[in-house]
Amino acid sequence: MTKLERLERDKNKLIEMKAHEDELRASGCRYIAGIDEVGRGPLAGPVYAACIVLPDDFDVLGVNDSKKLSAKKRDELSAVILERCLAYGIGIADNDEIDEINILEATKNAMKRAVAACGKMLKERFPEDPEACIDMLLIDAVKLDAGVPCESIIKGDEKSLSIAAASIVAKVARDSYMTEMDEKYPGYDFAGNKGYGTPKHYEGLRTLGYTPIHRRTFLRKFEEENRKVSGRKNKVYAVKAGRNTGIFRTWDECRKQVEGFPGAEYKSFADPADAAAYLGIEAPTEITSGKAASEIFPEGVRAYVDGSYDASTGKFSCGVVMIRTNADGTMKTKELSSAFDDEEAAKQRNVAGEIMGSKLAIEHCMANGIKAVEIYHDYEGIGAWADLRWKANNPLTQGYRDFVAEARKKISIKFLKVKAHAGNKYNEIADSLAKKALEE
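These remarks concern the structure in this document. (Residues numbered from 1 in each chain as written. Predicted model: local features only at pLDDT ≥ 70, side-chain atom pairs only at ≥ 80, totals over all residues. Heavy atoms only, no water.)

### Some points on the sheet that holds strand β3 (residues 87-93)
No. 1: Strand order in the open sheet made by the five strands is β3-β2-β1-β4-β5, with mixed pairing throughout. Both edges of this open sheet fall to β3 and β5 (150-152), since each of them pairs with a single strand only. Strand-to-strand twist across the sheet, computed as the mean angle between neighbouring axes with direction ignored, equals 20 degrees.
No. 2: With six bridges joining them, strand β1 (residues 32-38) and strand β2 (residues 47-53) adopt antiparallel strand pairing. Considered in β2, the bridge of G34 is made with I52.
No. 3: Running at roughly 150 degrees to β3, helix α4 (residues 103-125) makes contact with β1, β2, β3 and β4 (136-139) of the sheet. (Pairing = 2+ DSSP bridges. Helix = DSSP H or I, 4+ residues; strand = E, 2+ residues; numbered from the N terminus. Axes fitted to C-alpha atoms, helices over the stretch in contact; angles between N-to-C directions. Contact = heavy atoms within 4.5 Å.)

### With respect to the packing of helix α2 (residues 71-84) against helix α6 (residues 161-184)
No. 1: Running from N to C, α2 and α6 cross one another at 115 degrees; their axes reach a closest spacing of 9 Å. Accordingly, the angle class assigned to the pair α2 and α6 is roughly perpendicular. Crossing geometry of α2 relative to α6 is assigned as left-handed. Contact residues: R74, D75, L77, S78, I81 and L82 in α2; A165, I168, V169, K171, V172 and D175 in α6.
No. 2: The residue inventory of the contact of α2 with α6, partitioned by class, reads seven nonpolar, one polar and four charged. (Parallel < 35°, antiparallel > 145°, perpendicular 65-115°, else oblique. Left-handed = near helix turned anticlockwise from the far one by under 90°. Nonpolar A, V, L, I, M, F, W, Y, C, P; charged D, E, K, R; others polar.)

### A few points about the side chain of K18
No. 1: Examined against the element boundaries, K18 turns out to sit in helix α1 (residues 3-26).
No. 2: Buried K18, no salt bridge; nearest opposite-charge side chain is D22, N-O distance 4.8 Å.
No. 3: In terms of polar contacts, K18 uses its side chain to reach the backbone carbonyl oxygen of F58, at 3.3 Å.
No. 4: The contacts of K18, once residues within four sequence positions are left out, are D56, D57, F58 and L161. (Buried < 20%, exposed > 50% of the residue type's maximum accessible area, 1.4 Å probe, protein only. Lys, Arg positive; Asp, Glu negative; His and termini not counted. Salt bridge = Lys/Arg side-chain N within 4 Å of Asp/Glu carboxyl O. Polar contact = N/O pair within 3.5 Å; in protein donor to acceptor, adjacent residues only side chain to side chain.)

### Some remarks on helix α11 (residues 272-279)
No. 1: Buried within α11 we find P272, A275, A276, Y278 and L279. On an axial view of α11, the arc spanned by its buried residues comes to 155 degrees, and they lie on one face.
No. 2: At its buried positions, α11 is contacted by β6 (236-241), β7 (246-248) and β8 (265-269).
No. 3: Of the residues flanking the end of α11, it is G280, one or two places downstream, whose phi is positive at about 80 degrees. (Arc of directions from axis to C-beta.)

### Let's talk about the pairing of β4
No. 1: Every second residue of β4 is oriented toward a common face, with M136 and L138 on one face and L137 and I139 on the other, all of them buried.
No. 2: As defined by bridge partners, β1 adjoins β4 across four bridges and the pair is classed as parallel. Across the sheet, I35 pairs through a bridge with I139, a residue of β4.
No. 3: Two elements, β4 and β5, share three bridges in a ladder whose sense is parallel. If you follow I139 over to β5, its bridge partner there is S152.

### Thoughts on the side chain of R174
No. 1: Here R174 shows up in helix α6.
No. 2: Although R174 is buried, it forms no salt bridge, and the closest oppositely charged side chain is D175 at an N-O distance of 5.1 Å.
No. 3: Among all residues touching R174, those that are not within four sequence positions of it are V38, G39, P42, A44, G45, P46, Y48, K194 and R215.

### Here we look at the packing of aromatic side chains
The geometry of an aromatic ring pair is captured by the separation of the ring centres together with the interplanar angle, meaning the angle of the planes.
No. 1: Across all of its chains, the model carries 10 aromatic pairs by this definition.
No. 2: Seen from their ring centres, Y304 and Y376 are 4.9 Å apart, and the 25 degrees between their planes marks the pair as stacked. Here the residue Y304 occupies a position in strand β9 (residues 300-310), and Y376 occupies one in strand β12 (residues 372-377), the gap between them amounting to 72 residues. Judged on exposure class, the residue Y304 and its partner Y376 are both buried.
No. 3: Plain terms: the ring middles of Y304 and Y426 are 5.5 Å apart, the flat faces sit at 25 degrees to each other, and that makes the pair stacked. (Phe/Tyr/Trp six-rings, centres within 6.5 Å; stacked < 30°, edge-to-face > 60°.)

As structure tokens, this is what we get:
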């Protein structure tokens, strides 16, 4: 097919896909929305839905069922659709919701959220029009009570321009999320399979166990087959790096240690002896969750930092717990703290203290010949400013950004965010040190 023939084909396809929506507009509908979902079949991740209202003069060629387009083409079209649409909304139902109420009902919830978000944007973008609302919602084969007039179209993503546009936006949004999850949970090839059951994904499940984004109800058959292979009814889970470390009897117990803890290291094992070997400890005679190995960190240096602020004095402070683990597993800890009286920096309250805690930990490493450190913090900006993911917009954060950049010329620095006050004792110690420094 020549380039001219492809162009003619795409023009005809556009006319065909707009035909029904043009009829609806001729009958009096002003704002016609298309909605579609992606992610009903994967073993992991949420289901995404997108709702799109296109202008009547939308003339972009190539819009079609997202499954028939390349990833590059989807990305290009999604950007144009979001730029030129009158309004859009994205709705999500995560794996916990899917497990709780089933995939169909979770999909409907995601769709309702997308419709609500789209309707809200429509009103915000056209405040001068009191009747700016979705007149007709076109859906790809799902019956939905979304509070607006609906029409279900079989294979709608091939027949309706608005539904096809929604399928593209939803697909691009979910694929982007699963690519992020691939960085957070390596070993499952989420970037490649987007959560579907590929050989690499199943291999990850067998060697690493479940992640917090896996759909447990979708893995019952896998669990049954895995039990037959292993000859055991239950697995154990070994956490090498997490909120607490050790061997845990159930996934729920393991999950509490690794969820919300970037950089967590854990695996599932059929044999407790293998789990113990992974942690570098002697095989336990009895598994008491989390007690077989209470504090096992890989070799290296990590620093837990926190900050505090006293509104009555305007002072802020930091607390740091340095942990150095040797090759033989022995650990040495050092506690650091300091208080500061800087009126301008104090406007950042606790964050100022956490910034200074990070700097104090890095300065300690450089002064003691430490070449690499992992810094655990509970405020996103501590790592985001240092890694240039957030724009530094005041002297404190700009100075911190520049300090880290200069320090990285001499040592390796990795930032890991943890949940605040989530039970990790070193985070709690750092918090106590910061508060104590304000009292002195």
